[in-house]
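One letter stands for each residue in the lines below.
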Amino acid sequence: MTETVWWKRGTVYQVYPRSFQDSDGDGVGDLAGITARLDYLAWLGVDAVWISPVYPSPMADYGYDVADYCGIDPLFGTLADFDQLVSEAHRRKLKVILDFVPNHSSVAHPWFAEARASRDNPRRDWYIWRDPGPDGGPPNNWLSNFGGPAWTLDPTTGQYYYHAFLREQPDLNWRNPAVRAAMYDALRFWLERGVDGFRVDVIWHLIKDESFRDNPANPHFAEHLPEINRFHQVYSADRPEVLDVIAEMRAVLRAYGERVLIGEIYLPLERLMAYYGADLSGADMPFNFQLIQTPWRADAVRELVENYEAGLPEGGWPNWVLGNHDQPRIAARIGEDQARIAAMLLLTLRGTPTLYYGDELGLGHVPIPEDRVRDPWEINEPGHGRDPERTPMQWEPGPQAGFSAAEPWLPLSPDHATRNVECLQDVPGSILTLYRRLLALRREHDALAVGSYRTIALGLPDILAYERGAGEARLRVILNFGTAAHEIPLPENEAWTILLSSRGGRAGERGAGRIRLGGAEGLILMQ
Ligand code: TEU
C-alpha cells in the first residue's frame, strides 16, 4: 500500500492568478505575487499549485484566450518570473501545474490572423471553417457555452468559424496533425522549464463531429439555464477520437517522467470514466466535479461516492474537488458550517483533492456591483457570471486585505477585515486551522492518503460515515450534514480516539462504543 507517485499522494491548490497576490500595485495578481506566497502554501500543507492561465492574452476570457502558448503575459510578469516561481516552488517541495488551453486560441493569436486571411492560407485548416447554412445563417445549431451561436461569420472570406466559447476564442482544428504537433511542442516548452503537469482546459471538446451534425434538442431545457443547455452537446464535444488525442498528450508528458495530466471534463459519470482511456492511456485524473453537481445531502453524497468508486476503471486513481473559478464557492452553496464538513470530506475521501484558493478561509459569494462586472459570461447571460468566486485572496486585516497596494480588479469580500489569513491562522477552531490540520493528517496517515474506502451504514439519514484503511490502520470519518446532535452507535467494545473535530477542540478525546456527534460536526476517529 505505498502509492508513491506524487500526484496520487498529493493535494492540489488552485490559484486564480489575477486574484492571489499583486506584487506591482496594479490591482491584478501576478507571478511574483504567487512566488511571494509560496511559504503560505507550504505552511498550509498542500503539495502542488495549479495556476490558471498566465499566457499572453487579450483577456477576453481572462487568460483562457491564449495569444501565445509559449510566453507570459506582461500583466503577470516575464518568463524569468515564471522560472523563478518554479524554482522557488521546487525548493519548497511544491509542484507546479500549468493550465493549458488547447481547445481554442485567442483571435489575437498569429495563427488565427493567418487562418482568417484567405481560404487558401496554409494555416486555414488550423481552425474550423464552414460555409453558411442554406439560409445564409450559421452552418448548424451548435451554441456557444457563453450564449448565442457558436459560429461567427468572418466577412473577409465569407465563411463561419466555430467557437465553443466566446467569438474571441476560435476553436483549433485538432483533426489537423500540424495543430497537434504545434501544441505538443508547446507542452514540451513548459515541461523543459520544469512544470510538473497540466490541467487541460475543456479537454472533452477537442474533437468535434466530422460531419458537423446538429445537436439534438434537450427536452429538459428550462429558461433559467444557460442557453447552451437547449441542446445536448453530443456532436460538438465528447467524440470518441478525442481519446486518441489525450493518449498522445499523455505520452508527451510521460517522456518527462512523473508529470500529471488532469483533464477538465464536465460529463456524466459514465462518460467521465472513459477519459482514463483504454488501459489507462488517457488523463491521469479526469476532473471529478460530482461534489459540485450533487445536492448537499448525506444520502446523495454517499451514493455519489459509491457510484464513483464503483465506476472507476481498474487502477484508475480518484480525485475530488469542491469548487473552482467557474463555480459558486462551496461556502456560498452550503454555508460555512457545512463548508467545514465539506473540507473534511474532500480531504478524507480516497483520491487526490484539489482546493480552490480562499475556500480555506470560508470565502463566500462576493456581491459584484453592476459597474464592476468583469466576466464576459455575466455580460452575455446575466445571472451566470463567475466574478463572485474570483475575488482577491484575503491575507490580512489592512488595506486591500494585503492583496494589493491598489484597488483590486474585483472587489474584496465585505468581511475581509476579519476573514483573512492573518486573523484565522492561529485561531484553534477556525476553518483555516481545520484545513491545515486535515492536510497534515493526510500526510501523517497512509489510510487517508492512499488507503481503502468503505461506507459504514449507520441508518441515520443526515450522517455520512466511512472507514479508510491501510495495513492494520483504520480511520473512521463521521460527517453530520444536519444541525441536530446525535449519539452515534459504534460497536460496544471498540475503543476510539478523536483525531480531529471539524469544529475544533475534542482532539485526543477517547472512548469506546457510542460517540456524541454535534450538529454540523465532522469527526475523524482512530481505532
Ligand atoms: O471552462 C469550461 C466550461 O465548461 C465552463 O465554462 C462551464 O461551461 C461552466 O463553468 C459551467 O459549469 C473552462 C474554464 O475553466 C473557463 O474558465 C473558461 O472560460 C472556459 O473553459 C473557456 O476556456
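Residues numbered from 1 in each chain as written. Predicted model: local features only at pLDDT ≥ 70, side-chain atom pairs only at ≥ 80, totals over all residues.

A. Geometry of helix α15 (residues 431–444). The terminal C-alpha atoms of α15, which comprises 14 residues, lie 20 Å apart, in line with the 20 Å expected from a rise of 1.5 Å per residue. Listing the buried residues of α15 in full gives I431, L434, Y435, R437, L438, L439, L441 and R442. Residues of α15 that are buried sit in contact with α3 (38–44), α12 (336–346), α14 (421–424), α16 (446–450), β16 (495–501) and β19 (522–526). (Helix = DSSP H or I, 4+ residues; strand = E, 2+ residues; numbered from the N terminus. Expected span 1.5 Å × (residues − 1). Buried ≥ 20, exposed ≤ 12 C-beta atoms within 10 Å, placed from the backbone. Contact = placed C-beta atoms within 7 Å.)

B. Spotlight on the site of the ligand. Taken together, D61, Y64, V101, N145, F165, D201, V202, E264, Y266, H325 and D326 make up the full set of residues adjacent to the ligand. Of the residues that constitute the shell around the ligand, the class distribution is 5 nonpolar, 2 polar and 4 charged. (Near = placed C-beta within 6 Å. Nonpolar A, V, L, I, M, F, W, Y, C, P; charged D, E, K, R; others polar.)

C. Spatial organisation of the confidence of the model for the chain. In the predicted model, the chain carries a mean pLDDT of 97, and 99% of its residues have values of at least 70. Under the prediction, the complex receives an ipTM of 0.95, its pTM being 0.97. (pLDDT = per-residue confidence, 0-100.)

D. Just the sheet that holds strand β3 (residues 95–100), in detail. Reading across from one edge, β9-β8-β7-β3-β2-β1-β11-β10 is the order of the 8 strands in this open sheet, with parallel pairing throughout. The sheet is open, and its two borders are formed by β9 (285–286) and β10 (319–321), each paired with just one other strand. Strand direction decides the pairing type here: strand β1 (residues 12–15) and strand β11 (residues 352–356), joined by 3 bridges, are parallel. Across the sheet, the residue bridging to V12 is T354, located in β11. (Pairing = 2+ DSSP bridges.)

E. Local environment of the domain arrangement of the chain. For the chain, the assigned domains read domain 1 (10–103 + 177–439), domain 2 (110–162) and domain 3 (452–526). Once you take the C-alpha centre of each, domain 1 and domain 2 turn out to be 29 Å apart. For the side of domain 1 that touches domain 2, the elements supplying multiple residues, two or more each, are α6 (177–192) and α13 (376–380). For the side of domain 1 that touches domain 2, the element with the most residues is α13, which contributes 3 residues. By residue class, the composition of the side of domain 1 that touches domain 2 is 8 nonpolar, 3 polar and 5 charged. (Domains from an automatic or database assignment.)

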